[in-house]
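A closer look at the structure
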Amino acid sequence: MSMLHIGEIMNRILPKPQALEVTSVYEFVKRELPPRENILAPWLPVQGLTMIYAPRGIGKTHVALGIAHAVANGTTFLNWSAPKPRSVLYLDGEMPATLMQERLKALMKDPTQKPKALFQLLTPDLQHGAMPDLATYKGQEMLEPHLKDIDLIIIDNISTLCRNSKENEADSWLPVQDWALTQRAAGKSILFIHHAGKGGHQRGTSKREDILDTVIALKRPDDYNAKDGAIFQVTFEKARCFMGNDAEGFEAQLIINNDVHEWQTRAIPGTMYEQVISMAKQGLKQKEIAEKMNLDKSGVSRYIKTAHQEGRIQ
């Protein structure tokens, strides 16, 4: 029996690639496709890939848990709203179980009341071995059985849950990227939580952002004082599916009263909102403000209405 060429052997072992489906643009634009909905308006869409990054200790996990709770219950968090409850799988890569439990109790307010949709948690202290490494196919396979019926996967954080991916090497991110795109094709959304580097930008390769719909940065205010606790500015660095007022940044602060967590938000000084208030106090009419700031009148009207409600304008 003659020996087979190595190429023939590999062809027999490896699965054949699936046939590609190519369509004409004319036929494509006539297709009836469902409108893209939001899991958390305005920035986290269905089948969306997103990221929030910040320096250590700024409150990334507080924000990620707040988002998860809002999505699972169809409620609001900060300036964002979930149109309806959707299922969430929260992957925690580093929190002690005791601290995670404390934060969830404070967030839920009434721990005896179940979330309206499935809200699942995978956390290190409850495992018999290591947490899955999503930068490896083995880690992805470990997680797969737990993804059924999940709408939103929150990965907190990239450093602890994508360990085999070298942060500064673009190619090492490809296994995670391919996995994320596979999940999107299956109808799921992903929120990656990541650290900021010394320069203030997201740590490691910028290739991570290529496939993302939204990138949010959390940064300390210039006049930050440690006694202020969890306070940060929310800035949209990438906004693929929204614009205008929806993409306006804001400042958020966590207020803790008797172990109950409450969030307060306000405009960042110097933003469009603050400029509108300043012009309104000078006596300019809404039409004049819209012309000067190159805004639509409805946007100016919303700013003015909010300012009245907050008592900023009499």
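The text that follows walks through the structure, step by step, so that each part is easy to find. Quick caveat: nothing in here was measured; it's all calculated off a predicted structure.

**Description of the sheet that holds strand 3 (residues 49–54)**
Strand order in the open sheet formed by nine strands is 7-6-8-9-3-10-11-12-13, and the pairing between neighbours is mixed. Each having just a single partner strand, strand 7 (119–122) and strand 13 (260–266) make up the two edges of the open sheet. Each strand of the sheet is rotated relative to its neighbour by a mean of 20 degrees, with strand direction disregarded. Here five bridges tie strand 8 (residues 152–156) to strand 9 (residues 189–195), and the two strands are oriented parallel to one another. Looking at strand 9, one finds that Asp156 is bridged to Ile193.

**Here we look at the packing of aromatic side chains**
Taken as a whole, this structure holds seven aromatic pairs when the rule is applied. Three or more aromatic residues link up through ring pairs in this structure, and these residues are Trp43, Phe77, Trp80, Phe232, Phe250 and Trp263. The ring of Trp173 carries Arg208 above its face, with NZ or CZ at 5.1 Å from the centroid. Sitting over the ring of Tyr224, Arg220 keeps its end group 4.2 Å from the ring centre.

**A closer look at the nonpolar core**
Ranked by internal contacts, the top residues of the largest apolar core, which has 38 residues, are Leu40, Trp43, Ile52, Ile67, Trp80, Ile154 and Leu218. With eight residues, helix 3 (residues 60–73) is the single largest residue contributor to this core. With near-sequence residues (within four places) excluded, Ile52 lies in contact with Trp43, Val63, Ile67, Leu191, Phe192, Ile193, His194, Ile216 and Leu218. Judged by nonpolar contacts, the second largest core, of 28 residues, contains Leu89, Leu122, Leu161 and Trp173.

**Some points on the pairing of strand 13**
As defined by bridge partners, strand 12 (residues 250–257) adjoins strand 13 across seven bridges and the pair is classed as antiparallel. The residue bridging Asn257 from the neighbouring strand is Val260, located in strand 13. Between strand 12 and the antiparallel strand that follows it, strand 13, lie two residues; Asn258 among them carries a positive phi value of about 55 degrees.

Cut-off values and rules
Residues numbered from 1 in each chain as written. Predicted model: local features only at pLDDT ≥ 70, side-chain atom pairs only at ≥ 80, totals over all residues. Heavy atoms only, no water. Pairing = 2+ DSSP bridges. Helix = DSSP H or I, 4+ residues; strand = E, 2+ residues; numbered from the N terminus. Axes fitted to C-alpha atoms, helices over the stretch in contact; angles between N-to-C directions. Phe/Tyr/Trp six-rings, centres within 6.5 Å; stacked < 30°, edge-to-face > 60°. Lys NZ or Arg CZ within 6 Å of the ring centre and 35° of its normal. Core = buried A, V, L, I, M, F, W, Y, C linked by side-chain atoms within 4.5 Å. Buried < 20%, exposed > 50% of the residue type's maximum accessible area, 1.4 Å probe, protein only. Contact = heavy atoms within 4.5 Å.

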